[in-house]
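These are the residues of each chain, in order.
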Amino acid sequence: MTRAERVSRNLNRALHALFAADERAWLLGEDVADPYGGAFKVTQGLSTAYPDRVLSTPLSENGITGVAGGLALCGDTVIVEIMFGDFAGLAFDPILNLITKSVAMYGERTPMRVVIRCPVGGGRGYGATHSQSPQKHFIGIPHLALYELSPLHDAADVLAAALRRDEPAMLFEDKVLYTRRRYVDGRVDDRLAFELRGADGNWARVHDPDATGAPTLVIAPGGVADRAIAAATRAAERGRTVEVLVPARLYPVDVDGLRDLLDGAHGVIVAEESTAGGTWGSEVAARLHAEAWPLLRGPVELVSSADRVIPSAPHLERTVLLGTEAILDRIMRLPAAVPVPRTDHSPAGPPPPDPTSAAPSGVPVDVPRLNPNDDSYVLLEWLVSDGATVEAGEPVAAVETSKAIEELAATQAGVLRQDVAAGADCAPGAPIGRILPAPVPLPAVFAPVPQPAVPAPVPPGRPLPPAQRRIADVVATSHREIPVAFTAVRVDVTAALAYARRAADETGAAVGLTEVVIAAVAALHERFPALYARLTDDGLILDAEAPSIGLTVDVGTGLFLPVIRDAAGLDLGDLADAVVALRMKALRGRLREEDMAGMNVLVALNDTPGVTVARPIIPPGVTCALSVPDVHREVVLDGDGGVRERTVADLGLAYDHRLVNGAQAGAYLAALGDALQR
C-alpha cells in the first residue's frame, strides 16, 4: 500500500499547485507568511515561493474577507484563511452581503473565485471559542457552496471542484485531521475498502466488500468520518453491516449521488459535530425525505454534539462532542435487519436452545449500565477469589468505563463463581459471574451453645481504589524483587528541541522532546543490549530482539504503561502518531492488555513544571527505566569565557543492578546525551 501523506501536507501541496498554475491567485490570512506558515502550518512555503501574493493581514476577519471580495471582483482567485473557524462569524457580513451577492446583483453573472478556509472542530482542548463547528450557519446563502476536507478526498480535487463553480465557497477543515494520514489505494484497513462516487468524486463510500445483508448508511463529513468508521467496525463485531458515506461538498446536498445506495439500505444516520437544530444533517434529511422517500425504510436519524458550550478540559470536552460511542449507540438502536427466511431444509447452524433446559444456577452478577456513552466495559479485576463466600453488598469486581472505575457489589450472600476472566470486555446487562447459595452445614449431634456475636471493629479510613491498588502492587513488587541503582546526567536538549520543531514542521505530526528521546532510546538498543534484556525466573538473561518501549500515561484515574513495539523501525512522524494514539486510548479507557504487553525498557515522563530530577520505578520484567523530567534553562560559560543560555534536562536512569552495572549505565546515558545534542 502506498505510504499516505498527512492531511495538512496534502492541503499544502494542493495550495502550492494552485499558485503554480494560477498567476492571479492570492492567499490572505493572519500569520500565513513564513516562517510561521499559519496556525496549523498549512501555508508553509507559500510566502517564500510567492512573496507578492501571500500576505499576512491584520487581525480583522471582516477586513480580510472584504479585500478578498474586491480582488475577486477584479477577476482574481483568492484563498482566505480564517485562523479558527469560530471567527468566521466576524466575516459573516461580507460573505452574506458582498462576496455571494456579487455573483448576480450587477445585471450579469460575475465570477467570484473565493475559497474561505476555516479550521473547525474540537478534540484539541482549545475551549469554547476555538473548537466549534459553525457550518450550519452558512447553509442556504445563495451562490455559496460549502465543502469539508476529509481523509478520503484529495485536497487538490476539492479545491478544483470549488473553484470550477466560479462562485464563493467555504472549505471547513476539522483540526483533528491535520496530523492524520490520508486513506489511499482504495483501502481504509485490511477489512474496509473505499471508493469515490458521483460528480467530481463527491461521495466516498467506505464499506466491507465481503459484508452481506442490508447496510445501515452513516453519512459523516470531515473529522467525524473516522469516528463513524470506528463505530462501523465495532457494529460489525455485533453482527451489523454498516457503510460510511463521506461527502466533499456539504451544500448544495448531492442527493443523486446517494440514490442507488439508498435502495435497499436498512436505515440512514447523519452524524455531525455541530450542535442540533438547523444543521447540515437536518438539510440532508429534508432533501432525502423530499426526493428519495420511496427508497427509505424509515426516518433519517440525526446524531450530533451536546447542546452545550465546549469545555477546555479533555474529560469534559469528551462529554460534549460527538464521539464514536454516540454514533455506535445510534446504529445499535436501529432494529436489526430481518434476515431472509430459509426455504430449504439444510442445516443452518446450531439448533435453538431448549427453553426447558436448566439455566446456570445462582443469582447472576450483572454489569449495570454505568455510562450512557459506553456499550462495553473492561472487567479490570475480581476483588474476591472464585469460590469464596461473600456477603450482600460486598464489592466483588472492578469494572472500568471510559470515564471511571466502578466496583460491583454482591446482591446477596453466598459463594462467588466467576464466569468471565479479568481483563475481558463485558457489556451492560451481561452477567460476569454468579452467587450460589452457601452450603448448609450438617447438624452436629451436640450443638454448641450459641455465643453472642461480637461485631468486629471497623478500622477508620477508606480502601484504595482498584487502579491505585494495581499501581501499589507494581511498586511493592519492584521494591521487593529488584535491586535498583540510579544515575542521573544533565543533558543540553537545545538541539533536540530544535530538531523536534523541524520534524513537526516537516511531518505535520505532534513531535516533541518525548518523541526524540524515545527515538534515541530505540536507536541505542544494538549498542547496549543488556539494558533491554530481562532476567527470567530461572536466573537466565533473555535478550530483546527489538526495542519495545513503554511510556507512562497518567490519566488522573490511574497510571498506564502502553508500549510502542519495534520503535526503532518508526520515523519521528509515525512515532508521534503512535504516542498520540496510545495516549488517546488511555484517556478514553480503551487500552487493552495487548497495548501494554512486551515492554523491554520504560520511558517515564515526569514533566510536571518544576520537576528537575525523578527516580522512576522499574516495572517487573524490565531492566531499565529512563526518567524525562521538565526542561529548564541555565546560564553557562562557553569555551571563550562568554555567557550563553541553554535548555537542559536531567535524565535519570534506574537500572536493575543484577544485569547492569554503574559503568554501563553511565556509558548509556553519555551516548543518549550525545544523540540528543547532535
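Rules of the game
All residue numbers refer to position in the chain's written sequence, counted from 1. Selection of residues for local features in this predicted model requires a pLDDT of at least 70, selection of side-chain atom pairs for listing and counting requires 80 or more, and totals for whole chains, interfaces and linings are taken over all residues. Only heavy atoms go into the side-chain values, all of them from the structure, while hydrogens and water stay out. The numbering of helices and of strands both runs from the N terminus, where a helix is a DSSP run of H or I of at least 4 residues and a strand a run of E of at least 2. Summary of the burial criterion: residues with accessible area below 20% of their type's maximum are buried, those above 50% are exposed, and those between are partly exposed, where the area comes from a 1.4 Å probe applied to protein chains only. Note on contacts: a residue pair is in contact if any heavy atoms of the two residues lie within 4.5 Å. In short, Shrake-Rupley with a 1.4 Å probe defines the accessible areas, and a residue's cover is counted only from the protein chains shown. In short, DSSP must find at least two bridges between two strands for them to pair. In this analysis an axis means a line fitted to C-alpha atoms, helices contributing only their contacting stretch, and an angle means the value between N-to-C directions, from 0 to 180 degrees. Throughout, nonpolar core names a set of buried Ala, Val, Leu, Ile, Met, Phe, Trp, Tyr and Cys residues whose side chains join them through atoms within 4.5 Å. In this analysis, a patch consists of residues with relative accessible area above 30% that form no salt bridge, clustered at 9 Å for like charges and at 5 Å for the nonpolar side chains Val, Leu, Ile, Met, Phe, Trp and Tyr. Put simply, a salt bridge is a Lys or Arg side-chain nitrogen that is within 4 Å of an Asp or Glu carboxyl oxygen. One less than the residue count of a helix, multiplied by 1.5 Å, gives the span that helix is expected to have. Aromatic rings from Phe, Tyr and Trp, taking only the six-membered ring of Trp, are treated as a pair when their centres fall within 6.5 Å; an angle between ring planes under 30 degrees marks them as stacked, one over 60 as edge-to-face, and anything in between as tilted.

Undergrad: How should I be thinking about the overall build of the chain in this particular structure?
TA: Helices and strands together make up the secondary structure of the chain, namely 15 helices and 32 strands. Every one of the 678 residues in the chain was classed for burial, and the buried ones make up 48%. Counting only contacts in the chain whose residues sit at least 6 apart along the sequence, the fraction spanning at least 24 positions is 71%. Split by element, the accessible area of the chain, about 31,800 Å² in all, is 56% carbon and sulfur.

Undergrad: Help me out: how do you make sense of the sheet that holds strand 9 (residues 216-219) in this one?
TA: Backbone-to-backbone hydrogen bonds join strands into a sheet, with any given pair of strands oriented parallel or antiparallel. One open sheet holds the 6 strands; their spatial order is 7-8-10-9-12-13, and the pairing between them is mixed. Edge positions in the sheet fall to strand 7 (193-197) and strand 13 (301-305), since each of these pairs with one other strand and no more. Across the sheet, the axes of successive neighbouring strands diverge by a mean angle of 25 degrees, strand direction being ignored. Examined bridge by bridge, strand 9 and strand 10 (residues 242-247) share 4 bridges and lie parallel to one another. Counted as the bridge partner of I219 is L245 from strand 10. Lying over the sheet, helix 6 (residues 224-237) contacts strand 8 (203-207), strand 9, strand 10 and strand 12 (267-275), oriented at roughly 170 degrees with respect to strand 10. Sitting on the sheet, helix 10 (residues 324-333) is in contact with strand 9, strand 10, strand 12 and strand 13, with an inclination near 160 degrees to strand 13.

Undergrad: Just to check I follow, could you spell out the nonpolar core for this structure?
TA: Counting 53 residues, the largest nonpolar core has V511, V521, L626, L653 and L676 as the members making the most contacts within it. For this core, the element with the highest residue contribution is helix 13 (residues 513-523), accounting for 7 residues. The residues touching L653, leaving out its near neighbours within four places in the chain, are A485, F486, T487, L531, C624, A625, L626, A665, Y668 and L669. Core analysis: the next-biggest nonpolar cluster, separate from the first, contains 46 residues, V78, I95, F172 and W280 among them.

Undergrad: Would you take a moment to explain a nonpolar patch on the surface for this structure?
TA: On the surface, L73, M105 and Y106 cluster together into a nonpolar patch covering about 290 Å² of accessible area. Examined against the element boundaries, M105 turns out to sit in the loop between helix 4 (92-99) and strand 4 (114-120). Relative accessible area serves as the criterion here: at 44%, M105 is assigned to the partly exposed category.

Undergrad: What exactly am I supposed to notice about helix 6 here?
TA: Two residues of an α-helix separated by three or four positions point the same way, owing to the 3.6 residues in each turn. Along its 14 residues, helix 6 runs 20 Å from first to last C-alpha, staying within 8% of the 20 Å computed at 1.5 Å per residue. Where burial is concerned, most of helix 6 is hidden: 10 out of the 14 residues are buried. Along helix 6, the positions that sit buried rather than exposed are V224, A225, D226, R227, A228, I229, A231, A232, R234 and A235. Looking at the buried side of helix 6, the elements it contacts are strand 6 (169-174), strand 8, strand 9, strand 10, strand 12 and helix 10. G239 lies just past helix 6 and shows a positive phi near 90 degrees.

Undergrad: Can you help me understand the side chain of Q44 in this one?
TA: For Q44, the location among the structural elements is in the loop between strand 1 (25-29) and helix 2 (46-49). A relative accessible area of 14% places Q44 in the buried class. The contacts of Q44, once residues within four sequence positions are left out, are R9, N12, H16, D34, P35, Y36, G37 and D505.

Undergrad: What should I look at first to understand the pattern of salt bridges in this one?
TA: Oppositely charged side chains can pair when the atoms bearing their charge come close. What the rule picks out here adds up to 34 salt bridges. The salt bridge partner of R181 is D574, with a shortest N-O separation of 3.0 Å. Of this pair, R181 sits in the loop between strand 6 and strand 7 while D574 is found in helix 14 (residues 572-587), placing the two residues 393 residues apart along the sequence. Assessed through its relative accessible area of 24%, R181 is described here as partly exposed. For D574, a relative accessible area of 19% translates into the label buried. Salt-bridge contacts for E634 lead to R490; the nearest nitrogen and oxygen are separated by 2.8 Å. Taken together, the residues E634 in strand 31 (residues 632-637) and R490 in strand 22 (residues 484-492) connect sequence positions 144 residues apart. On the basis of relative accessible area, R490 is assigned to the partly exposed category, the value being 43%. A network of salt bridges, in which partner residues are shared, links E195, R197, R205, E243 and D260.

Undergrad: Looking at this model, I keep getting lost on the packing of aromatic side chains. Mind explaining?
TA: Where two aromatic rings form a pair, the distance of their centres and the angle of their planes describe that pair. Summed over the entire model, instances satisfying the criterion amount to 9 aromatic pairs. A ring pair is formed by F19 and Y50, whose centres lie 5.5 Å apart and whose planes are at 40 degrees; its orientation type is tilted. Of this pair, F19 sits in helix 1 (residues 7-21) while Y50 sits in the loop between helix 2 and strand 2 (54-56), and the two are 31 residues apart along the sequence. Assigned by exposure class, F19 and Y50 land together as buried. With 5.5 Å between their ring centres and 75 degrees between their planes, F40 and F84 make a pair best called edge-to-face. Of this pair, F40 sits in the loop between strand 1 and helix 2 while F84 is found in the loop between strand 3 (77-81) and helix 4, placing the two residues 44 residues apart along the sequence. For F40, a relative accessible area of 14% gives the class buried. Feature note: the residues F40, F84, F87, Y126 and Y178 constitute an aromatic cluster, connected by ring pairs.

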